[in-house]
Amino acid sequence: MTALATDLVLSTRGIRKEFGGLVAVSDIDFDIPRHSIVSLIGPNGAGKTTFFNMITGLYKPTAGRIELNGKEITGAKPHQVVRAGIGRTFQNIRLFGNMTAVENVLVGLHHTLKGHWWEAIYRPRSLLREEDRALERARELLALMNLLPRQDDYARNLPYGDQRRLEIARALATDCKLLLLDEPTAGMNPNETLELTEFVRSVRDRLGVTILLIEHDMKVVMGISERVTVLDHGEKIAEGTPAEVRANPRVIEAYLGRGAAGHG
Amino acid sequence: MTAISSTAGGPTARFRGMLADRDGQLRIVLVLIVATIVYGAFYNDLRQGALRPLFEALPMPSVNVLIVMFYYAILALGLNIVVGFAGLLDLGYVAFYVFGAYTTAFLASPLHGISIPWWFVVIAAVGVAALAGVLLGAPTLRLRGDYLAIVTLGFGEIMPVLARNLDNIDLSAFGGPKDFNLTGGNIGVNPIDAPVLPIPGPWGDELVFSNRNPVAALYLILALMLLVFAICVRLRDSRLGRAWMAIREDETAAASMGIDTVSTKLLAFGLGASFSGFTGAFFGAYSTAIFPESFNFAVSISILIMIILGGMGSLRGVVLGAFVIRYVNDALLPYLGGFVDEPVRAVGAALPEIPILKDRIEAFTLTSYNYLLYGVILAVMMIKRPEGLLPVAARKAELHGEGVATEATFGTSGEVAQAATDFEAAEGHLATPESRPDGTDGTDGTDRGDRA
Amino acid sequence: MNVAAWLARNSRLLIVLIAIAAVLALFGTSVPIWGGCTAALDRCADVVAIGVFQGMIVALVALGYTLVYGILQLINFANGSVFMLGSVAALLGVEIFGLTSDSPAASVILAFAVILPVTMAITAGLNAGIERVAYRPLRRAPTLATLISAIGMDFILQNVGQIIIGPSPVSLPSLLPNDVILAEPVVIKVSHLFVTGITLPLLLGLMWFVRTTRQGKAMRATAQDREAAGLMGIDVNRTISLTFLLAGALAGGAGVIVALYNGSAWWQYGFSYGLLAFTAAVFGGIGNLLGAAVGGIFLGILISLNAFYVDPRWQEVVVFGILVLVLIFRPTGLFAEKQSERA
């Protein structure tokens, strides 16, 4: 068990969420090996985002246990989860629109900085040095995302694709070990999608993070993931390599058989 | 990873706000300082001497009006931390002002026979107000914005009631007097010791900063206001300032970036309250008397109006807003009233007998219409120019932008908004049966866990 | 409903309420200076009865808050001032009809048969007009912007009230006879019957309207999901206007009743009754009609007990204390499990 646990960034055991009797997510066991890219798929309403929100602390699970790097984080508050090492993006992009790109990334760095608020008033050298380092780090991350030229643009004025990448930069700034991407290609055309897919892989390779994707688009999922987990009606119906999942009759029935057929 | 260090060490981003201040604002600040000093020093000479016609023809503010303008600017800067930076609507800001003023009254007046120098009292006042802010904020900052507004309003309303009523507390059960007078009741506390520096000069043996020597008080409050302004600039440009802004923009996203939203909001509340307490301490000592009536709901709202008029979050803006509102209230309206009141009353006297209305017109006083003006400013600004007169650049774009969601202030593009709606229609519905009636989606669930 | 289960679910709230009662009792008994009258426990029933009548008035105003909140998720600050203007209108009506305390009962009744509906029509139009001018342009703006606009409207109306009748309370001639109709088990006077006779039909009429009529259903649909209601062919703007009309009419009616019952009108009534009513609405679960009515009566009883056994000058502290505690411990109100009444 311990040997296995060290290989896992995240593991959940029997986590469950009910909303006033409605079971949104039902007793899910889920493991993410380190440095992998894992996808969570399922039709609309399958409970993917609820699952995400439990991992990130927005929802408290009704039952079950979540471990990050072998430490329990069940029921931790969102900021505690981030401090424990999980960064995330949002399906419907939630940047701080009236802050510049670099300020957005600086917010991501927030918990890695130690300066006290009263120091901000008299600005000791240590604080200035820390801020300089933070700024440098923020620019590095922006450069990684090809966003450096737009560092002083307000996030709300960035093109859609840039906003997606800025959100990833902001999440990476939290110094996360596990990066959760919630439908990163939503609203993108095939070219942008392809670009982003490549990009996600390179982020994993270069920064050594582990990535969990929620995706709708089967092409993206099959192309990039090493493992795929399929949810339907809040239950895990399949798990395995993309090829295995693709061949699973329950998946075909639940996922491809319904609405997604139109998606191609 | 390549470091882009050619510009990285530079101060551009860190001091972006500060630099903007240097370019435009520092000059304004200098002009303000010099103008205030000159005006204060020569006010009496000017009024009675060379500029006498000017003072008679125009609504020039007296030194006392300037003092009021300055300390309201501090109040507005303090409330701006709560409303403008952190995005929390506080309608009971006057409560902390009460704490500051009454702490001063307790520690530096014959009421309880304590007479500590103001320079120490002010520290206590700030501390007490900050503590009150934290104590009120701790249980309430989890509430939704409009509920928080009501709770703070209630708190602001209770404080003067306590000040009015706590004048005959029966402490006999605890071995104390039967009618202990804590607050002075309706008649308030009078006198209160003024701030004094033992410096002899043309003003006498010691320098008194009160309405007996308004010029000195003016300089003191100018210095205090500049200090508060500088603190606000530095807080805004700090890590804490970014966290506040992030919370204002999108609380859930801020929490998901590792910001402890509750303690960050609490800090905004506490700091805002401490500025209010600070001003309360000055107000009590400067006017050397306080009354419960000085701290009603209208004071809280008038400070809010200053912020909205000037531009929420904009430091220059809120100072301007405070100046404008207090100037209009204390100098312009009385001045205009001098022209308008008599003719209107004459018309009223000439009117035939109309029940009630005739009496009212006969007793017309323009200055009593200031709340009407406040109300109009609030509504018109919200509808026509929500970003204020001197807005923060980003805010202006935002508030005129399209597709601003109900609670998030971040307007996404139509496409994204549509995608979000579609998605949450599917998944968010599971989250809402017992929760918010405002239709915000299930992802905004930071506080639900605690409540459930 | 299973009482035990309800008690179990609401134990925390009950503890709070008991604590409030304990504090009140402590103040009331150990501090005779404040209480003035502590021995008169035998009048408790009368005090509660007076509270019920006051509570019915509060309930009318509370319904205005709850209706608007239900449909727009907006605390209509101006509601209290609309109510206040209702009492100002009653005062003006009394002047216009030249009523005095000597006027025969028939002419008083006749005059109020005119004053009440006219006032309600005016305040209804006023409230709908406020929505049109100050809230509708902000419907897509952040919630707090509308809230601030509402505060602005409240300030304007308060000042209008002050302009019309002046800064001090104005007395009306005592038009309601002080005759006691019933002495046992509780004292009931003609004025109480008057309050009940107007309030109860309004309360019941509103419930009936929202529950059964077509327009009422449109209101409930709009409250549930404005966009969906629009897609289903409901004229959302019209429905919202109707809601404000109803809220304004109720507030105006309550204003007339208060003017007669208290025998005075004052511009500050808007604020004090407004917050009382808002607290009642929150207490009953904002958006919940029945809850607002029950909350109003509960608060009426509470302030009556406070006035009699403690001291009316602590009323605000008691009311706000309850508001804060309810918001913190049970922000969905006391009757949150019943969502069906939302409008």
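Computed from a predicted model, the values in this text were never measured in an experiment. (Residues numbered from 1 in each chain as written. Chains lettered and ligands numbered in written order. Predicted model: local features only at pLDDT ≥ 70, side-chain atom pairs only at ≥ 80, totals over all residues. Heavy atoms only, no water.)

## Points about the confidence of the model for chain C
Residues and elements named next belong to chain C.
Here comes step 1: On average, residues of chain C score 83 in pLDDT, and 85% of them are at 70 or above.
Here comes step 2: Below a pLDDT of 50 lies the segment residues 28-39, which in the model reaches 23 contacts outside its immediate sequence neighbourhood of four places, other chains included.
Here comes step 3: Predicted confidence is poor over residues 337-343, with pLDDT under 50, and the contacts of this stretch with residues over four places away or in other chains come to 25 contacts.
Here comes step 4: The ipTM for the predicted assembly is 0.89, set against a pTM of 0.85. (pLDDT = per-residue confidence, 0-100. Contact = heavy atoms within 4.5 Å.)

## Some details on the layout of surface pockets
Here comes step 1: The space that makes up the second largest pocket amounts to roughly 930 Å³.
Here comes step 2: As for the second largest pocket, its lining consists of 30 residues, of which Glu 157 of chain B together with Trp 266, Gln 268, Ser 272 and Glu 316 of chain C are closest to the centre.
Here comes step 3: For the lining of the second largest pocket, the secondary structure elements donating two or more residues are helix H6 (145-165) and helix H11 (297-310) of chain B together with helix H4 (44-72), helix H7 (143-165), helix H12 (269-283), helix H13 (289-310) and helix H14 (315-329) of chain C.
Here comes step 4: If you tally residues by element for the lining of the second largest pocket, the top one is H12 of chain C, at five residues.
Here comes step 5: Looking at side-chain class alone, the lining of the second largest pocket contains 17 nonpolar, eight polar and five charged residues. (1 Å grid on protein atoms, 1.4 Å probe; cavity = no way out; pocket = protein on both sides within 12 Å on 5 of 7 lines; lining within 4 Å. Points joined across faces, edges and corners; volume = space filled by probe spheres on them. Helix = DSSP H or I, 4+ residues; strand = E, 2+ residues; numbered from the N terminus. Nonpolar A, V, L, I, M, F, W, Y, C, P; charged D, E, K, R; others polar.)

## Re the side chain of Asn 288 of chain C
Residue and element names in this part refer to chain C.
Here comes step 1: Mapped onto the fold, Asn 288 is located in the loop between H12 and H13.
Here comes step 2: The class of Asn 288 is buried, set by a relative accessible area of 5%.
Here comes step 3: At 3.2 Å, the side chain of Asn 288 and the backbone nitrogen of Leu 290 are in polar contact. (Buried < 20%, exposed > 50% of the residue type's maximum accessible area, 1.4 Å probe, protein only. Polar contact = N/O pair within 3.5 Å; in protein donor to acceptor, adjacent residues only side chain to side chain.)

## As for the packing of helix H7 (residues 160-173) of chain A against helix H8 (residues 190-207) of chain A
Residues and elements named next belong to chain A.
Here comes step 1: Between H7 and H8, the shortest axis-to-axis distance is 12 Å and the interhelical angle comes to 15°. By the angle class used here, H7 and H8 are roughly parallel. Crossing hand, H7 versus H8: right-handed. Along the contact surface, H7 presents Arg 165, Ile 168 and Leu 172, while H8 presents Leu 196, Phe 199, Val 203 and Leu 207. (Axes fitted to C-alpha atoms, helices over the stretch in contact; angles between N-to-C directions. Parallel < 35°, antiparallel > 145°, perpendicular 65-115°, else oblique. Left-handed = near helix turned anticlockwise from the far one by under 90°.)

## What about the packing of aromatic side chains?
Residue and element names in this part refer to chain B.
Here comes step 1: In total, this model carries 36 aromatic pairs over all chains according to the counting rule given.
Here comes step 2: When the ring of Phe 70 is compared with that of Phe 323, the centres are 5.4 Å apart and the planes differ by 80°; the resulting orientation is edge-to-face. Residue Phe 70 is found in helix H3 (residues 63-85), and its partner Phe 323 is found in helix H12 (residues 315-350); the two are separated by 253 residues along the sequence. Accessibility classification places Phe 70 together with Phe 323 in one group, the buried group. (Phe/Tyr/Trp six-rings, centres within 6.5 Å; stacked < 30°, edge-to-face > 60°.)

## A few points about the sheet that holds strand E5 (residues 71-72) of chain A
All names here are of chain A.
Here comes step 1: What the four strands build is an open sheet, ordered E2-E1-E4-E5; its pairing is antiparallel. At either margin of the open sheet sits one strand with a lone partner, and together these are strand E2 (22-33) and E5.
Here comes step 2: Bridge count for strand E1 (residues 8-19) against E2 is eight bridges, and the pairing is antiparallel. Within E2, the position partnered with Glu 18 by the bridge is Val 23.
Here comes step 3: Here helix H2 (residues 48-55) sits on the sheet and contacts E1, E2 and strand E4 (63-68); the angle it forms with E1, its principal contact strand, is near 115°. (Pairing = 2+ DSSP bridges.)

## Quick look at the environment of Ala 285 of chain B
All names here are of chain B.
Here comes step 1: Within the secondary structure, Ala 285 sits in helix H10 (residues 261-287).
Here comes step 2: Distance in space between the C-alpha atoms of Ala 285 and Thr 103 is 11 Å, their sequence separation being 182 residues.
Here comes step 3: Residue contacts for Ala 285: discarding those within four places in its chain leaves Thr 104, Trp 118, Ile 192, Asp 193, Ala 194, Pro 195, Phe 209 and Ser 210.

## Section: the sheet that holds strand E8 (residues 210-215) of chain A
Residue and element names in this part refer to chain A.
Here comes step 1: Spatially, six strands are ordered E6-E7-E8-E3-E9-E10 in an open sheet, and the strand pairing comes out mixed. Two strands bound the open sheet, and with one partner strand each, they are strand E6 (86-88) and strand E10 (235-240). Neighbour-to-neighbour, the strand axes of the sheet open up by a mean angle of 20°, direction not taken into account.
Here comes step 2: Inspection of the sheet shows strand E3 (residues 37-41) paired to strand E9 (residues 227-232) by four bridges, in the parallel sense. Its bridge partner lying in E9, Ser 39 is registered against Val 228.
Here comes step 3: Contacts between H2 and the sheet are confined to E3, E6, strand E7 (178-182), E8 and E9, with E8 contributing the most and set at about 150° to the helix.

## Quick word on the interface of chain B and chain C
Here comes step 1: Across the boundary between the two partners, chain B contributes 54 residues, which contact 54 residues of chain C.
Here comes step 2: With both chains or domains summed, chain B and chain C bury close to 4,900 Å², and 74% of this area falls on carbon and sulfur atoms.
Here comes step 3: Along the contact surface separating chain B from chain C lie zero salt bridges.
Here comes step 4: Taken together, chain B and chain C are joined by three residue pairs in polar contact (both at pLDDT 80 or more).
Here comes step 5: Among the elements of the structure, helix H5 (118-140), H6, H11 and helix H14 (370-384) of chain B are those that each provide at least two residues to the side of chain B that touches chain C.
Here comes step 6: In terms of residues, the side of chain B that touches chain C owes the most to one element, H6 of chain B, which gives 14 residues.
Here comes step 7: Classifying every residue of the side of chain B that touches chain C by side-chain character gives 32 nonpolar, 11 polar and 11 charged. (Buried area = accessible area lost by both parts, 1.4 Å probe. Salt bridge = Lys/Arg side-chain N within 4 Å of Asp/Glu carboxyl O.)

## Let's talk about H7 of chain A
Residues and elements named next belong to chain A.
Here comes step 1: The terminal C-alpha atoms of H7, which comprises 14 residues, lie 20 Å apart, in line with the 20 Å expected from a rise of 1.5 Å per residue.
Here comes step 2: Across the 14 residues that make up H7, a large majority, 14, are buried.
Here comes step 3: Note on H7: the residue one or two positions beyond its end, Asp 175, has a positive phi of about 65°. (Expected span 1.5 Å × (residues − 1).)

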